[in-house]
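Given next are the chains, with one letter for each unit.
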Amino acid sequence: MARHLMACTALATAVAAGALVTPAAFAAPVHEAAASKTPRKAAAPAPGDVDGDGFGDLAAGSPEGTIKGYAKAGYVSLVYGTDQGVRVTRHKGITQDTAGIPGVPEAGDRFGSSVAMGDVDGDGYTDLVIGSGGEAIGTVAGAGAVTVVFGAKGGLGSDAIAFHNPKPSSREAFGDNLTVGDFNHDGRDDIAVATDTKVNVVRGASNLRDVDEPAMTAYAPPGGGAGMGPISSGDINGDGFTDLVTQAYFDDGADEGTLGVLPGSAQGLKTQPIGRTGLPFNGYSVVTGDITGDGRDDVVVDTNYSDGPDEFLLRMFPGTAAGLGAGVPYGGAVEPGTVGVLADTDGDGHADLVTAVVGEPDSDGIQNAGALTVVPGATTGLDAARARKLTLDSPGVMGVMEGNDQFGWSVTAGDFDADGRADLAVGAPGKYLATGAVSVIPGSKTGPTGTGSILFTPESLGHPTAKARFGSAVGARTAR
Ligand SMILES: [Ca+2]
Ligand SMILES: [Ca+2]
Ligand SMILES: [Ca+2]
Ligand SMILES: [Ca+2]
């Protein structure tokens, strides 16, 4: 955790030092680029489809939003997909003051500090998994909690449960670092939550909404020591069971880490790893997806650490039948930054890598405007020769790239228009004086495109705006 905190602190300093804040032309809350697609009807519930209309939906977390006068109580905005992609016409706000949601809003709860999607009760409707990293449990400050809000036909229901570490510890921020995956392949997604030294798994169940305190199984990450970096899930060995990807590190001077994979099985996660490799530094972020198109998910790790070994800034570990393969350094010229998501944005059967450099300056040299790099996947791996940059100033992309936007702070992908290509959702929580905004950039035959893109703020949804940092977290889901 130390490393991760350090990264955040460094970023915060950079923001504070980031010269002038652009005078807030509080632009119209919604900007849309004309879509050229013909309207289409989707049918069966899709991955990431909360209301079951066939279109993937998007959740955005605003952990610093003020609720009932409580600063940083936090909220989550769910925006539904349509045949034109994400549009702000249908949406729902969720706070701990919403009917059916456990808990009460309190200052510093940070509800929405993480958001993920999965069908944890297996009813076909995707459910929202929401972290509130600042939640106090009893007298334990900042212990953290996870809330699950269940999807339903026609929209998000009011059924919800919440759980926390049975042994809460102060400032643990349980729920900030989580992933969702079907580790036992029973058609119900499981929830894995990392703490400093363990991964706690809550098994999906058809009656999960009726369970007061869901049972949790703790797993030690391979190489576990003092702390854990972000975790992810994917089917690395292609056996149909989702596997858990972990990063653990020791609290030593070199801060060396271990990338590990615990395999899924009919009994759930197994403790014998199918992948374990040293990292010269502990990784800051990790993503999974099938880059090579062989039916096995590959893993990409960055270390996002400027004085780390340059050749290790970003590396792909291919999935193989035996588990995690040997790491391949990224061969591109551009420093690709922090890994954000792997998703097939051009529909060619290969997951494409999206990375972010949140600190990227705007055209006036003001820091922290933010930029993405999209690296197409191919049979041979990441195709660095076709890598391209994507910002709010890219052709057709709605919005304007400005210092302190922090575009790329969060990145996810979903198929919001159900055309079979993954669309990107990108958080810019610093935009408009930290009200925050989310940009949705559709996939196309040639990858992410400005055509049909949208930029929206909480003002567009009637949700709290002041210093909300809307888009600090974004959650969606694509088919594998
Ligand atoms: Ca939907
Ligand atoms: Ca469900
Ligand atoms: Ca597997
Ligand atoms: Ca692709």
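From a predicted model like this one, the values you see are computed outputs, not experimental measurements.

Rules behind the numbers
- Residues numbered from 1 in each chain as written.
- Chains lettered and ligands numbered in written order.
- Predicted model: local features only at pLDDT ≥ 70, side-chain atom pairs only at ≥ 80, totals over all residues.
- Heavy atoms only, no water.
- Helix = DSSP H or I, 4+ residues; strand = E, 2+ residues; numbered from the N terminus.
- Buried < 20%, exposed > 50% of the residue type's maximum accessible area, 1.4 Å probe, protein only.
- Contact = heavy atoms within 4.5 Å.
- Areas by Shrake-Rupley, 256 points an atom, 1.4 Å probe, with all protein chains shown as cover.
- Donors = N, O, S within 2.8 Å, 3.2 Å for Na, K, Ca; no water.
- Tetrahedral: all angles 85-135°; square planar, octahedral: opposite > 155°, others 65-115°.
- Phe/Tyr/Trp six-rings, centres within 6.5 Å; stacked < 30°, edge-to-face > 60°.
- Pairing = 2+ DSSP bridges.
- Axes fitted to C-alpha atoms, helices over the stretch in contact; angles between N-to-C directions.
- Core = buried A, V, L, I, M, F, W, Y, C linked by side-chain atoms within 4.5 Å.
- Salt bridge = Lys/Arg side-chain N within 4 Å of Asp/Glu carboxyl O.

### Quick word on the overall build of the protein
Turning to step 1, where the next piece is worked out: Within the protein, the regular secondary structure consists of three helices and 34 strands.
Turning to step 2, where the next piece is worked out: Taking all 480 residues of the protein together, the buried fraction comes to 57%.
Turning to step 3, where the next piece is worked out: Within the protein, contacts between residues separated by at least 24 positions form 57% of all contacts whose residues are at least 6 apart in sequence.
Turning to step 4, where the next piece is worked out: Accessible surface, the protein: about 17800 Å² in total, of which carbon and sulfur atoms supply 53%.

### As for the coordination of the calcium ion (ligand 4)
Turning to step 1, where the next piece is worked out: The calcium ion (ligand 4) binds to the protein through D344 (OD), D346 (OD), D348 (OD), H350 (O), D352 (OD) and D352 (OD), with metal-donor distances spanning 2.2 to 2.7 Å.
Turning to step 2, where the next piece is worked out: One way to put it: the six donor atoms around the calcium ion (ligand 4) meet at angles of 50 to 162°, and that makes the site irregular.
Turning to step 3, where the next piece is worked out: Read in sequence order, the donor residues for the calcium ion (ligand 4) give the motif D-x1-D-x1-D-x1-H-x1-D.
Turning to step 4, where the next piece is worked out: Its relative accessible area of 36% is what places D348 among the partly exposed residues.

### Remarks on the packing of aromatic side chains
Turning to step 1, where the next piece is worked out: As enumerated under the stated definition, the model contains two aromatic pairs in all.
Turning to step 2, where the next piece is worked out: Ring geometry for F163 and F174: centres 6.3 Å apart, planes at 80°, overall edge-to-face. Highlighted residues: F163 in strand β8 (residues 160–163) and F174 in the loop between β8 and β9 (178–181), separated in sequence by eleven residues. Judged on exposure class, the residue F163 and its partner F174 are both buried.
Turning to step 3, where the next piece is worked out: For the pair F456 and F470, a centre-to-centre distance of 5.8 Å together with 70° between the ring planes defines the contact as edge-to-face. Remark: F470 occurs in the loop between α3 (458–461) and β34 (473–475) and F456 occurs in strand β33 (residues 454–456); sequence separation between them is 14 residues. Summarising the burial analysis for this pair, F456 and F470 share the class buried.

### Focus: the sheet that holds strand β1 (residues 30–32)
Turning to step 1, where the next piece is worked out: Ordered by their spatial adjacency, five strands build an open sheet running β1-β33-β32-β31-β30, and the pairing between neighbours is antiparallel. With one partner strand each, in any of the chains shown, β1 and β30 (410–414) form the two edges of the open sheet. Within this sheet the neighbouring strands show an average axis-to-axis angle of 15°, counted without direction.
Turning to step 2, where the next piece is worked out: Two elements, β30 and strand β31 (residues 423–428), share five bridges in a ladder whose sense is antiparallel. Bridge pairing in β31 places T412 opposite A425.

### Looking at the coordination of the calcium ion (ligand 2)
Turning to step 1, where the next piece is worked out: Within the protein, the atoms that donate to the calcium ion (ligand 2) are D119 (OD), D121 (OD), D123 (OD), Y125 (O), D127 (OD) and D127 (OD), at distances of 2.2 to 2.5 Å.
Turning to step 2, where the next piece is worked out: Within one chain, the residues donating to the calcium ion (ligand 2) are spaced in sequence as D-x1-D-x1-D-x1-Y-x1-D. The pair D121 / Y125 is uniform in exposure class, with both members buried.

### As for the sheet that holds strand β19 (residues 298–302)
Turning to step 1, where the next piece is worked out: The antiparallel open sheet is built from four strands, whose spatial order is β18-β19-β20-β23. One side of each edge strand has no neighbouring strand; the edge strands of this open sheet are β18 (285–289) and β23 (328–329).
Turning to step 2, where the next piece is worked out: Bridge count between β19 and strand β20 (residues 314–317): four bridges; the pairing is antiparallel. Its bridge partner being in β20, V301 is matched across the sheet by R315.

### Quick look at unusual backbone geometry
As a rule of thumb, non-glycine residues mostly have phi less than zero, and peptide bonds are mostly trans rather than cis.
Turning to step 1, where the next piece is worked out: One non-glycine residue, A173, adopts positive backbone phi at about 55°.
Turning to step 2, where the next piece is worked out: Counting through the fold element by element, A173 comes out in the loop between β8 and β9.
Turning to step 3, where the next piece is worked out: Judged by its relative accessible area of 16%, A173 falls in the buried class.
Turning to step 4, where the next piece is worked out: Despite not being glycine, N404 has its phi angle at roughly 70°, a positive value.
Turning to step 5, where the next piece is worked out: Structurally, the position occupied by N404 is in the loop between β29 (388–390) and β30.

### Things to note about the nonpolar core
Turning to step 1, where the next piece is worked out: In terms of nonpolar packing, the biggest core is built from 22 residues, with V354, L372, L390, F407 and L424 touching the most fellow members.
Turning to step 2, where the next piece is worked out: When residues of this core are traced back to their parent elements, those giving at least two are β24 (338–343), β25 (352–357), β26 (371–375), β30, β31 and β32 (437–441).
Turning to step 3, where the next piece is worked out: Examining the composition of this core, we find that three residues originate from one element, β31, more than from any other.
Turning to step 4, where the next piece is worked out: The next biggest cluster of nonpolar side chains, apart from the first, holds 19 residues, and it includes A73, V438, A468 and V474.

### As for the pattern of salt bridges
Turning to step 1, where the next piece is worked out: Applying the stated rule across the entire model yields 17 salt bridges.
Turning to step 2, where the next piece is worked out: With a closest N to O distance of 3.6 Å, R296 and D294 form a salt bridge.
Turning to step 3, where the next piece is worked out: Accessibility expressed as a relative area gives 26% for R296, which makes it partly exposed.
Turning to step 4, where the next piece is worked out: Ionic pairing is found between K389 and E360, a salt bridge with its closest N-O pair at 2.5 Å. A residue pair is termed long-range when its members are at least 10 positions apart, and K389 in strand β29 and E360 in the loop between β25 and β26 qualify at 29 residues.
Turning to step 5, where the next piece is worked out: Note on K389: relative accessible area 47%, which makes it partly exposed.
Turning to step 6, where the next piece is worked out: Taken together, the shared-partner salt bridges in this structure form one network comprising D121, D123, D159 and R209.

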